[in-house]
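One letter stands for each residue in the lines below.
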Amino acid sequence: MIIKNHGDQWEELLLPHRWLAVDPKSEVCISGFVLSSLANPIPAVTEFYAQLQILELLENAIFTPGYRAVLHIHSVVEECEIVDLLEEIDMKTKKPKKKKPLFVKNGAVIKCRIQLSLDADCNKL
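Everything numeric here is computed off the predicted structure, so don't read it as measured data. Numbers given to residues run from 1 along each chain, matching the order in which its sequence is written. Only residues with pLDDT of 70 or above have their local features reported here, since the model is predicted, and side-chain atom pairs are shown and tallied only from 80 upward, although totals for entire chains, interfaces and linings are computed over all residues. Only hydrogens and water are set aside when side-chain values are computed; all heavy atoms of the structure are taken into account.

A word on the sheet that holds strand β3 (residues 44-53)
- The pairing criterion for strands is at least two bridges between them, as found by DSSP. Think of it this way: any DSSP run of H or I at least four residues long counts as a helix, any run of E at least two long counts as a strand, and we number them from the N terminus. Pairing in this open sheet of 4 strands is antiparallel, and the strands run β3-β6-β5-β4 from one edge to the other. Pairing within the sheet leaves two strands with one partner each, and these edge strands are β3 and β4 (68-73). Recorded for the sheet is a direction-independent mean angle of 40° between the axes of neighbouring strands.
- Two strands pair when backbone bridges link them, and β3 and strand β6 (residues 109-121) are joined in this way by 9 bridges, in the antiparallel orientation. Directly across from Y49, in β6, lies its bridge partner R113. Only the stretch in contact is used when fitting a helix axis, every axis being a line fitted to C-alpha atoms; angles between N-to-C directions are given from 0 to 180 degrees.

Examining the environment of E87
- Relative to the helices and strands, E87 is located in strand β5 (residues 76-89).
- The classification of residues rests on relative accessible area computed with a 1.4 Å probe and restricted to protein chains. Under 20% of the type maximum is buried, over 50% is exposed, and intermediate values are partly exposed. E87 sits in the partly exposed class, given a relative accessible area of 23%.
- Distance from E87 to I110, taken between C-alpha atoms, is 5.7 Å for residues 23 residues apart in sequence.
- Any pair of residues with heavy atoms lying within 4.5 Å of one another is described as a contacting pair. Residue contacts for E87: discarding those within four places in its chain leaves P96, P101, V109, I110 and K111.

Some thoughts on the pattern of salt bridges
- The salt bridge definition used is simple: a Lys or Arg side-chain nitrogen within 4 Å of an Asp or Glu carboxyl oxygen. Counted by the stated rule, this structure contains 5 salt bridges.
- Measuring nitrogen to oxygen at the nearest pair gives 3.2 Å for the salt bridge that ties K100 to D84. Note that K100 is positioned in the loop between β5 and β6 and D84 in strand β5, a separation of 16 residues in sequence.
- Classification of K100 as partly exposed rests on a relative accessible area of 47%.
- Residue D84 is classed as buried on the basis of its relative accessible area of 18%.

Let's talk about the side chain of D84
- Residues adjacent in sequence count toward polar contacts only when both atoms are side-chain atoms; beyond that, a polar contact is any pair of N or O atoms within 3.5 Å, and within protein one must be able to donate a hydrogen and the other to accept it. Looking at D84, its side chain comes within polar contact range of the side chain of K100, at 3.2 Å.
- Those residues in contact with D84, other than ones at most four positions away along the chain, are P65, K100, C112 and R113.

Concerning the confidence of the model for the protein
- Scored from 0 to 100, pLDDT reflects the predictor's confidence in each residue. For the protein, per-residue confidence averages 78 on the pLDDT scale, and 68% of positions sit at 70 or higher.
- Low confidence marks residues 1-6, where pLDDT is under 50. Its contacts with residues over four positions away, or in another chain, come to 17 contacts.

What about the nonpolar core?
- Ranked by size, the top nonpolar core spans 19 residues in total, and within it F48, F63, I110 and I114 carry the most contacts.
- Elements that contribute at least two residues to this core include exactly β3, β4, β5 and β6.
- The element contributing the most residues to this core is β6, with 5 residues.
- Apart from residues no more than four positions distant in its own chain, F48 is found in contact with L71, I73, C112, R113, I114 and L116. Each nonpolar core is a collection of buried residues, namely Ala, Val, Leu, Ile, Met, Phe, Trp, Tyr and Cys, held together in the definition by side-chain atoms within 4.5 Å.

Following this line, the structure appears as structure tokens:
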């Protein structure tokens, strides 16, 4: 827990993956907070699987394991790294290609594993 001083008031801030029960109408809830059920809380993860469409890479760049970027999930802005490219999806047939990709370029749709530098709260879809 982090304690912050605001003039003559002290505020306790929760770190990721720490839970607090509050009234949603109270002033404690501010932009960026994640509200979830106490019975079924949203998990905090450092690694997850995702399907991505590569829209625009830097000039002459290729997308490979080890590629680093900044990930934006709602109000979370976190550095991430591509750990593994699992499969590339053919845009015409919408089915995975037979060969596991070593790299992809602009326009590709892939399934990959992403690792974050810190915990982030996100739902499993």
